[in-house]
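Chains, contacts and geometry: an overview
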Amino acid sequence: PARAPPKPAMTPPKAAMPPPPKTAPPPPKAGMVPPKAAAPPPPQSPPGSPPAPPLQTGTQRAAEQQGNRLTYANLIDTPVPDSWVETQDFTREGKIEPGDLVMVKRSDGTTKFGQVIRKAGFFYQDIWEVVVTVKPSGGPDSTRVEEALMLGRPKPAAVAALTSGAAAGA
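Please read these numbers as outputs of a predicted model, since none were measured by experiment. (Residues numbered from 1 in each chain as written. Predicted model: local features only at pLDDT ≥ 70, side-chain atom pairs only at ≥ 80, totals over all residues. Heavy atoms only, no water.)

Under the counting rule described, the total for this entry stands at five salt bridges. With a closest N to O distance of 2.5 Å, glutamate 129 and arginine 118 form a salt bridge. In this pair, glutamate 129 is assigned in strand S4 (residues 127-134) and arginine 118 in strand S3 (residues 111-120), connecting sequence segments eleven residues apart. Residue glutamate 129 is classed as buried on the basis of its relative accessible area, which comes to 6%. (Salt bridge = Lys/Arg side-chain N within 4 Å of Asp/Glu carboxyl O. Helix = DSSP H or I, 4+ residues; strand = E, 2+ residues; numbered from the N terminus. Buried < 20%, exposed > 50% of the residue type's maximum accessible area, 1.4 Å probe, protein only.)

Written as structure tokens, this is what we have:
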């Protein structure tokens, strides 16, 4: 018997043409708010006017709000005396306010003084931004964010003894 001739090879199907582009977005459905258009670029300052101030970091803004003055600039980044005893010279309890002198455990293991400049975190968190180094001009140089529980609060008498001792030694 004779063999049947081979079937012709199938040609691949033609790709479907893409739909034509839409000219306008569909109207919003009932109860939906349409997206807002992009905001226009900020206006340029007129020629001859001073340039816009550079963007500021949170630390710079906080320092500016304080008048760029740190009350304890002379104590910030100095080591806490080894002779200090918790509950006698400092405590880890109590309320913290911006401007307070605190003790911070640094990454190198030392405990040094810092100054609280503002609250950080969410409203329910007890987290504070603390200046840990000072510029030669007396303004904040670098900061850390710390939980209040980790910050030591020197007692006023201990700070007074420390500052009067430093003044007497100068």
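Moving on from the coordinates now.
Looking at the secondary structure, you find aspartate 141 in strand S5 (residues 140-147). For the pair formed by aspartate 141 and valine 131, sequence separation is ten residues and the distance between their alpha carbons is 7.2 Å. Not counting the four nearest positions on each side in its chain, aspartate 141 is found in contact with Val131, Thr133, Val134 and Lys135. (Contact = heavy atoms within 4.5 Å.)

With respect to the helices and strands, aspartate 77 occurs in the loop between helix H1 (58-65) and strand S1 (90-91). Judged by relative accessible area, aspartate 77 falls into the partly exposed class, the value being 28%. Sequence separation of aspartate 77 and phenylalanine 113 is 36 residues, and the distance between their C-alpha atoms is 5.4 Å. The contact partners of aspartate 77, leaving out residues within four places of it in the chain, are Arg106, Lys112, Phe113, Val132 and Thr133. Among the polar contacts made by the side chain of aspartate 77, one reaches the side chain of arginine 106 at a distance of 3.1 Å. (Polar contact = N/O pair within 3.5 Å; in protein donor to acceptor, adjacent residues only side chain to side chain.)

With the rule as written, the count across this model stands at three aromatic pairs. Judged by centre distance (5.8 Å) and plane angle (10°), the rings of phenylalanine 122 and tyrosine 124 are stacked. Accessibility expressed as a relative area gives 54% for phenylalanine 122, which makes it exposed. Since its relative accessible area comes to 58%, tyrosine 124 is described here as exposed. Plain terms: the ring middles of phenylalanine 123 and tyrosine 124 are 5.3 Å apart, the flat faces sit at 90° to each other, and that makes the pair edge-to-face. With respect to class, phenylalanine 123 is no different from tyrosine 124; both count as exposed. Put simply, the rings of Phe122, Phe123 and Tyr124 pair up and form one aromatic cluster. The aromatic ring of tryptophan 128 is capped on one face by lysine 119, whose charged end is 5.2 Å from the ring centroid. (Phe/Tyr/Trp six-rings, centres within 6.5 Å; stacked < 30°, edge-to-face > 60°. Lys NZ or Arg CZ within 6 Å of the ring centre and 35° of its normal.)

All quantities given are derived from atomic positions and should not be read as evidence of function.
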